[in-house]
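What follows is each chain in one-letter form.
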Number of protein chains: 2
Amino acid sequence: MEQITIKDIAKALQLSVSTVSRALKGSYKISESTQRLVRDYAEKHNYKPNLNAQGLKNKKSRCIGVALCSIPNSFFAEVISGIESVAYNKDYLVIVTQNFESCEREVRNLENLTWRSVDGLLISLSTETEDYSHFQQLHEQGLPLVFFDRVTDAVRTHQVVADNAGGAASVTRHLADNGYRRIAHITSSPHISITKERIAGYRQALEERGLPFREDYVKYCLHGGMLMEETAAALDELLQMTEPPDAIFTASDRLTMNCFTLLRQRGISIPGQMALAGFSNFNSPELLNPSLTTVKQPAFEMGKIAAELLIQLIESKREVKDFQRIVLPTELEVRASSGCF
Amino acid sequence: MEQITIKDIAKALQLSVSTVSRALKGSYKISESTQRLVRDYAEKHNYKPNLNAQGLKNKKSRCIGVALCSIPNSFFAEVISGIESVAYNKDYLVIVTQNFESCEREVRNLENLTWRSVDGLLISLSTETEDYSHFQQLHEQGLPLVFFDRVTDAVRTHQVVADNAGGAASVTRHLADNGYRRIAHITSSPHISITKERIAGYRQALEERGLPFREDYVKYCLHGGMLMEETAAALDELLQMTEPPDAIFTASDRLTMNCFTLLRQRGISIPGQMALAGFSNFNSPELLNPSLTTVKQPAFEMGKIAAELLIQLIESKREVKDFQRIVLPTELEVRASSGCF
DNA sequence: CCATTCAGTGCAAACGTTTGCCCAAATAAA
DNA sequence: TTTATTTGGGCAAACGTTTGCACTGAATGG
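- Per an unreviewed UniProt entry, chain A goes by Substrate-binding domain-containing protein and derives from Chitinophaga tropicalis.

1. Some words on the relation of the copies chain A and chain B
Reasoning step 1: Rotating chain A by 180° and moving it 0.0 Å along the rotation axis overlays it on chain B with an RMSD of 0.1 Å. In the structure described here, the two chain copies are related by an operation that fits a two-fold rotation axis.

2. As for helix 2 (residues 17–25) of chain B
Residues and elements named next belong to chain B.
Reasoning step 1: Along helix 2, the residues classified as buried are T19, V20 and A23. Down the axis of helix 2, the buried side of the element spans an arc of 100°, and every buried residue falls inside it.
Reasoning step 2: On its buried face, helix 2 is in contact with helix 1 (6–13) and helix 3 (32–44).
Reasoning step 3: Phi turns positive, to about 75°, at G26, one or two residues after helix 2.

3. Brief notes about the packing of helix 4 (residues 51–58) of chain A against helix 4 (residues 51–58) of chain B
Reasoning step 1: Close contact between helix 4 of chain A and helix 4 of chain B brings their axes to 8 Å; oriented N to C, the two are set at 145°. For the crossing formed where helix 4 of chain A meets helix 4 of chain B, the hand is left-handed. For the pair helix 4 of chain A and helix 4 of chain B, the contacting residues are A:L51, A:N52, A:A53, A:G55 and A:L56 in the first and B:L51, B:N52, B:A53, B:G55 and B:L56 in the second.

4. Considerations on the protein's contact with DNA strand D
Reasoning step 1: Near DNA strand D there are 29 residues, and of these A:I6, A:S21, B:T19, B:R22 and B:K29 occur at the shortest range.
Reasoning step 2: Each atom of DNA strand D within 4 Å of the protein was classed as base or backbone; sugar and phosphate made up 58%.
Reasoning step 3: A:S21 places a side-chain nitrogen or oxygen 2.7 Å from a phosphate oxygen of DNA strand D.
Reasoning step 4: Here B:K57 contributes a side-chain N or O atom positioned 2.8 Å from a base nitrogen of DNA strand D.
Reasoning step 5: Put simply, the parts of the chain that give the surface near DNA strand D at least two residues each are helix 1 (6–13), helix 2 (17–25) and helix 4 of chain A together with helix 2 and helix 4 of chain B.

5. Considering the interface of chain A and chain B
Reasoning step 1: On the side of chain B, 47 residues touch chain A, which itself brings 47 residues to the contact.
Reasoning step 2: Interface area, chain A with chain B, both sides summed: about 4600 Å², of which 59% is carbon and sulfur.
Reasoning step 3: Together, A:Y88, A:W115 and A:L287 form the three largest contributors to the area buried by chain A at its contact with chain B, with a combined 17%.
Reasoning step 4: Joining chain A to chain B, the criterion identifies 2 salt bridges.
Reasoning step 5: One salt bridge in this structure joins B:E84 and A:R105, with 3.5 Å as the shortest N-O distance.
Reasoning step 6: Our enumeration of links across chain A and chain B arrives at 19 residue pairs in polar contact (both at pLDDT 80 or more).
Reasoning step 7: Mapped onto the side of chain A that touches chain B, the elements with two or more residues apiece are helix 4, helix 5 (74–89), strand 2 (93–98), helix 6 (103–115) and helix 11 (253–265) of chain A.
Reasoning step 8: Here the residues of the side of chain A that touches chain B are counted per class, giving 23 nonpolar, 14 polar and 10 charged.

6. Thoughts on the layout of surface pockets
Reasoning step 1: Volume-wise, the second largest pocket comes out at about 1800 Å³.
Reasoning step 2: A:W115, B:Q3, B:K48, B:P49 and B:N50 are, among the 43 residues lining the second largest pocket, the residues nearest its centre.
Reasoning step 3: If you list the elements that add at least two residues to the lining of the second largest pocket, you get helix 4, helix 6 and helix 7 (133–140) of chain A together with helix 1, helix 2 and helix 4 of chain B.
Reasoning step 4: Of the residues belonging to the lining of the second largest pocket, the class tally is 17 nonpolar, 16 polar and 10 charged.

7. With respect to the sheet that holds strand 9 (residues 275–279) of chain A
By way of backbone hydrogen bonds, the strands of a sheet pair with one another, either parallel or antiparallel.
All names here are of chain A.
Reasoning step 1: As summarised here, the arrangement of the 6 strands in space is 7-6-8-9-10-12, forming an open sheet in which the pairing is mixed. Across the chains shown, the open sheet's two edge strands, defined by having one partner strand only, are strand 7 (218–220) and strand 12 (331–333). Pairwise comparison of adjacent strand axes, ignoring direction, gives a mean angle of 15° for this sheet.
Reasoning step 2: Examined bridge by bridge, strand 9 and strand 10 (residues 293–296) share 3 bridges and lie parallel to one another. The residue of strand 10 that forms the bridge with A277 is T293.

Rules of the game
- Along each chain, numbering runs from 1 in the same order as the chain's sequence is written.
- Here the convention is simple: chains get letters from A, ligands get numbers from 1, in the order in which they are written.
- Where local features are concerned, this predicted model is filtered to residues with pLDDT of at least 70; where side-chain atom pairs are given and counted, the filter is 80 or more; whole-chain, interface and lining totals use all residues.
- Note: side-chain values were computed over all heavy atoms of the structure, leaving out hydrogens and water.
- The superposition of copies rests on a least-squares fit of C-alpha positions from residues with pLDDT of 70 or more in both.
- The buried label applies to any residue whose accessible area, calculated with a 1.4 Å probe on protein chains only, is under 20% of its type's maximum; exposed applies above 50%, and partly exposed to all values in between.
- Put simply, DSSP H or I for four residues or longer makes a helix, DSSP E for two residues or longer makes a strand, and each gets a number counted from the N terminus.
- The arc in question is the one traced by the directions running from the helix axis out to the C-beta atoms.
- Any two residues having at least one pair of non-hydrogen atoms within 4.5 Å are treated as being in contact.
- Comment: axis = line fitted to C-alpha atoms, over the contacting stretch for helices; angle = value between 0 and 180 degrees taken between N-to-C directions.
- Each crossing is labelled by how the near helix is turned from the far one, with a counterclockwise turn of less than a right angle marking it left-handed and a clockwise turn marking it right-handed.
- Nearness here has a simple test: a residue counts as near a molecule or strand if at least one of its heavy atoms is within 4 Å of that partner.
- Contacts described as polar in this section are N or O atom pairs within 3.5 Å, which, within protein, must combine one atom able to donate a hydrogen with one able to accept it, while residues neighboring in sequence count only if both atoms come from side chains.
- Here the quantity called buried area is the accessible surface, traced with a 1.4 Å probe, that two parts lose on coming together, added over both.
- Throughout this description, the term salt bridge denotes a Lys or Arg side-chain nitrogen within 4 Å of a carboxyl oxygen of Asp or Glu.
- Gly falls in the polar group here, along with every residue not listed as nonpolar (Ala, Val, Leu, Ile, Met, Phe, Trp, Tyr, Cys, Pro) or charged (Asp, Glu, Lys, Arg).
- Here a cavity denotes a set of grid points, spaced 1 Å apart and computed over the protein atoms alone, in which a 1.4 Å probe fits but from which it cannot get out, and a pocket denotes an open set meeting protein on both sides within 12 Å along at least five of seven lines; residues with an atom within 4 Å of a point are reported as lining.
- Grid points are joined across faces, edges and corners, and a volume is the space filled by probe spheres set on the points.
- At least two bridges found by DSSP between two strands is the condition for calling them paired.

So this is what it looks like as structure tokens:
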């Protein structure tokens, strides 16, 4: 069951190794007939190029690396699934690394991935990351990069994001229209793009509805809700205000679920005493008690598109100069947790 | 920013390439002093061996492949996270493939992974798989394999599983002790190990409690709940029986959530008209309405242990003959969905 | 009819390691 | 002293590809 090599084909067909190699690659220097001959033989004998040898020669691995914060996060798990599905079809393999929201770990993962000579990278930044030089370096060295979800403009390349501002605005508007006047916002680290965009949408919607934007109604969780205590601290600060909010808009999957849990633990009724709505990709929000109003992101789609763009970048012959920023629509799903009281 | 190679070190230190290689590997033929010299230089200049070259020579890649049904499944996402965490520490990279419960896809993923010359494989079988010859072949060729969760005895190697029988028994016992007499079981494909074990536990508990085991109370979903319709069909069959069950024990994450959704859709109150409890790794079951009684598996732990065993296998000098079957405890978490009426 | 061109193919070096074998010097045994 | 043995290290082949260059024979142009 030893793999057949180009040499074997050459021997069998009385050709030289180089001819076989070129025939397989479809080089113009080889006659149609020879090409067919070689191809047929290769096919018949299930020839697979040795990737290590190919990699050694031309520094390609047909692997794409993924750098993100946490695999079990339902949003990212779906993104990975989307990535894997297009990679599979294009014969790429996917290597996933998680940084647990640590910038240091992000850098080490990156080193690891480039050491493995991945052909390109799909990146969603950690909440801690403020310095993008490690990405910039790689990019300048010509490694194709695509950012998704948590992006940066510090590197000029493709971006795939959800309509964070739009999603935030629509849920804020919805809360306002349901009669809530003091809408707080618990969000992730201020460093990352999605936070800024979501705050912007939240702020805009407040203004549209004639509600004040209050700095003290915005709470940041530097670890994006990875630690429950952090979310608890943010929530408790809000609850202990002299004029506590009557609704909370949460900016991420984990924050939303954390707040849900914490409010219940504290015996605060939803939405009676506190309305709750936020970004979440949990796939059965209607089963929660109360059912949860969510802003859903097209996670699988995001992974798909990001992977497609990356592979396109990898396989493009000439240098790509024209980078896109793809914005995917979010969807507001109204349920009981944001109902009027 | 070109990577430094062994040649560069050799040149700089006035040594031969082979000496450098051996010094780095700690071969006994090289003097302590030379080894130190080489190591220091390598360290200082951030030498990283070229993996393609290494792979080409000795067919190792320091990659481990993972084959499972679906990445976004919360159980498997956690398993992957566990795998990744130990792989990271041991300098392995993780390549994940998903088969969507298709045996054909499983085989193709396997080909892909071996083509990439992964050093070992972590496998959880698809629900469709009945023929294990593709695994047996690989195993006979000496590729280290570790099965987890959905395992088979057809290949003699390590297995890491949850205490499926125990978990099933404890939840069944719990339902019986809460007064339910007609406890049905909706489970996955009969081909996979976990199904058999869970049925066994269910059956044993019924007998312990003096309840009859009825074949018609056991419904199989061949795709493991991947399709909602399949679950719906199973559930509806139960509901339309002349003597319908008063409780349902579901055998997997997705089945549990599907049943929950479907019962709600059909206006059947839980646990009043139908109690529900089952295996699930959803991490906020207390937030559901009603809160959900679950059997939880140590998913992260399972991934960790499986990966550790695999790497041990990969790095073992002599052939391992003594294979383990590790059984991890499950945890029954009692909540409202299985309460007495 | 010779010079030029060109399609089609082969040769060999290179990519960065690993490793079997050989060799020199030093040490130990005789 | 001579002969083994050990120690430390180098040479070169090999892993499976890719690719610049050279070569051959035929076709084309003059």
